[in-house]
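Chain residues, written in single-letter form:
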Amino acid sequence: EPEVTQTPSHQVTQMGQEVILRCVPISNHLYFYWYRQILGQKVEFLVSFYNNEISEKSEIFDDQFSVERPDGSNFTLKIRSTKLEDSAMYFCATWAGQGVNQPQHFGDGTRLSIL
Amino acid sequence: KQEVTQIPAALSVPEGENLVLNCSFTDSAIYNLQWFRQDPGKGLTSLLLIQSSQREQTSGRLNASLDKSSGRSTLYIAASQPGDSATYLCAVYTDKLIFGTGTRLQVFP
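Turning next to the overall build of chain A. Of regular secondary structure, chain A possesses zero helices and eleven strands. Over its C-alpha atoms chain A spans a radius of gyration of 13 Å, differing by no more than 12% from the 13 Å that the globule rule assigns to 115 residues. Projected onto its principal axes, the C-alpha coordinates of chain A cover approximately 40 × 25 × 25 Å. Sequence separation of 24 or more characterises 53% of the internal contacts of chain A that already satisfy a separation of 6 or more. For chain A, the computed accessible surface area is about 5900 Å², with 44% contributed by carbon and sulfur atoms. A distance of 3 Å separates the average location of the 9 positive side-chain charges in chain A from that of its 14 negative side-chain charges.

What follows is the structure, given as structure tokens:
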């Protein structure tokens, strides 16, 4: 079964540094999402992306965050200047967009640790 | 604002028991509801998806029901096994997934 692939699996970064999290979507999927899960808390929506632009973003997704799909394959989440509270598991999800009976498919996540 | 709640927060049962996990949501304007499994430190595995027009879905030992008007879903696990131990998340889909806090299940031999 096709998979969503995320790299790296674990990223350790000093506060204030930039990080880029990468996701390779399932090949025929059109909608892309980032979610995050702070340890012990709910999975939270960050942003959705369709047709090379942001469809919706949450309050969490402030000016420090950006997403892009630079080469038509990888879907990236960039955090410009990381803060301690950005430490979380970040999940990429993709969706074929062919009907609401199709689930979103999630990657295994990137664990981001800010020191 | 849509809120999703799951009870119980944790459950520990002996192998072989039949289980019911509960999920409630505050706004019935959803397209579908999904149940996920999450193993410690791992990603999310989709178990079942129920469209808003459906009442239930079954996959193997799992059965999920949906009562959209009352804002409730249940996940029924038959004949539980130690391998079922994980956190179970429900999420409602509007134009994004909104997750509950999960039920942490432990099935002991």
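Here we come to the overall build of chain B. Looking only at helices and strands, chain B has zero helices and eleven strands in total. The order of α-helices and β-strands along chain B, N terminus first, is β-β-β-β-β-β-β-β-β-β-β. In terms of overall size, chain B behaves like a compact globule, its C-alpha atoms giving a radius of gyration of 13 Å where 109 residues would be expected to give roughly 13 Å. Taken over the C-alpha atoms alone, chain B extends approximately 40 × 25 × 20 Å along its principal axes. Taking all 109 residues of chain B together, the buried fraction comes to 44%. The long-range fraction of contacts in chain B, counting pairs at least 24 apart against all pairs at least 6 apart in sequence, stands at 52%. If you sum the accessible surface of chain B, you get close to 5100 Å²; carbon and sulfur atoms cover 48% of it. Averaging the coordinates of the 9 positive side-chain charges in chain B and doing the same for the 9 negative ones gives two points 4 Å apart.

The subject of this paragraph is the sheet that holds strand β8 (residues 72-77) of chain B. All names here are of chain B. Strands sit in the order β1-β3-β8-β7-β6 across an open sheet of five strands; the sheet is antiparallel. The sheet is open, and its two edges are formed by β1 (4-7) and β6 (56-59), each paired on a single side. On average, adjacent strands in this sheet sit at an angle of 15° to one another, irrespective of strand direction. Of the pairings in the sheet, the one linking β1 to strand β3 (residues 19-25) comprises four bridges and is antiparallel in character.

Further remarks concern the environment of serine 85 of chain B. Residues and elements named next belong to chain B. Take serine 85: it is sitting in the loop between β8 and β9 (86-93). In the structure, serine 85 is positioned 19 residues away from leucine 66 in sequence and 23 Å away in space, judged by C-alpha atoms. Once residues lying within four places of it in the same chain are set aside, the contact partners of serine 85 are Arg37, Asp39, Leu105, Gln106 and Val107.

With that settled, consider the interface of chain B and chain A. Every contact between the two is made by 22 residues of chain B and, on the other side, 19 residues of chain A. When chain B packs against chain A, close to 1600 Å² is buried across both sides, 57% of that on carbon and sulfur atoms. It is Leu44, Lys96 and Phe99 of chain B in chain B that bury the most area against chain A; as a group they hold 28% of the surface buried on that side. There are one salt bridge connecting chain B and chain A. Between glutamate 56 of chain A and lysine 96 of chain B there is a salt bridge, with its nearest N and O atoms 2.6 Å apart. Counting across the interface, chain B meets chain A through four residue pairs in polar contact (both at pLDDT 80 or more).

Below, the discussion takes up empty space enclosed by the protein. Applying the stated rule across the entire model yields one cavity of 30 Å³ or more. Considered as a void within the structure, the largest cavity measures approximately 30 Å³ in volume. Around the largest cavity, the lining residues are Trp95, Gln102 and Gln104 of chain A together with Asn32, Gln34 and Tyr93 of chain B. Residues of the lining of the largest cavity, tallied by class, amount to two nonpolar, four polar and no charged.

Residues and elements named next belong to chain A. Spatially, four strands are ordered β1-β3-β8-β7 in an open sheet, and the strand pairing comes out antiparallel. Edge strands, defined here as strands with exactly one partner in the open sheet, are β1 (5-7) and β7 (65-68). Neighbour to neighbour, the strand axes of the sheet diverge by 15° on average, direction disregarded. The sheet contact formed by β7 and strand β8 (residues 75-79) spans four bridges and is antiparallel. The partner of glutamate 68 across the bridge, within β8, is threonine 76.

Cut-off values and rules
Residues numbered from 1 in each chain as written. Chains lettered and ligands numbered in written order. Predicted model: local features only at pLDDT ≥ 70, side-chain atom pairs only at ≥ 80, totals over all residues. Heavy atoms only, no water. Helix = DSSP H or I, 4+ residues; strand = E, 2+ residues; numbered from the N terminus. Rg over C-alpha atoms; globule rule 2.2 N^0.38 Å. Contact = heavy atoms within 4.5 Å. Areas by Shrake-Rupley, 256 points an atom, 1.4 Å probe, with all protein chains shown as cover. Lys, Arg positive; Asp, Glu negative; His and termini not counted. Charge placed at Lys NZ, Arg CZ, Asp CG, Glu CD. Buried < 20%, exposed > 50% of the residue type's maximum accessible area, 1.4 Å probe, protein only. Pairing = 2+ DSSP bridges. Axes fitted to C-alpha atoms, helices over the stretch in contact; angles between N-to-C directions. Buried area = accessible area lost by both parts, 1.4 Å probe. Salt bridge = Lys/Arg side-chain N within 4 Å of Asp/Glu carboxyl O. Polar contact = N/O pair within 3.5 Å; in protein donor to acceptor, adjacent residues only side chain to side chain. 1 Å grid on protein atoms, 1.4 Å probe; cavity = no way out; pocket = protein on both sides within 12 Å on 5 of 7 lines; lining within 4 Å. Points joined across faces, edges and corners; volume = space filled by probe spheres on them. Nonpolar A, V, L, I, M, F, W, Y, C, P; charged D, E, K, R; others polar.

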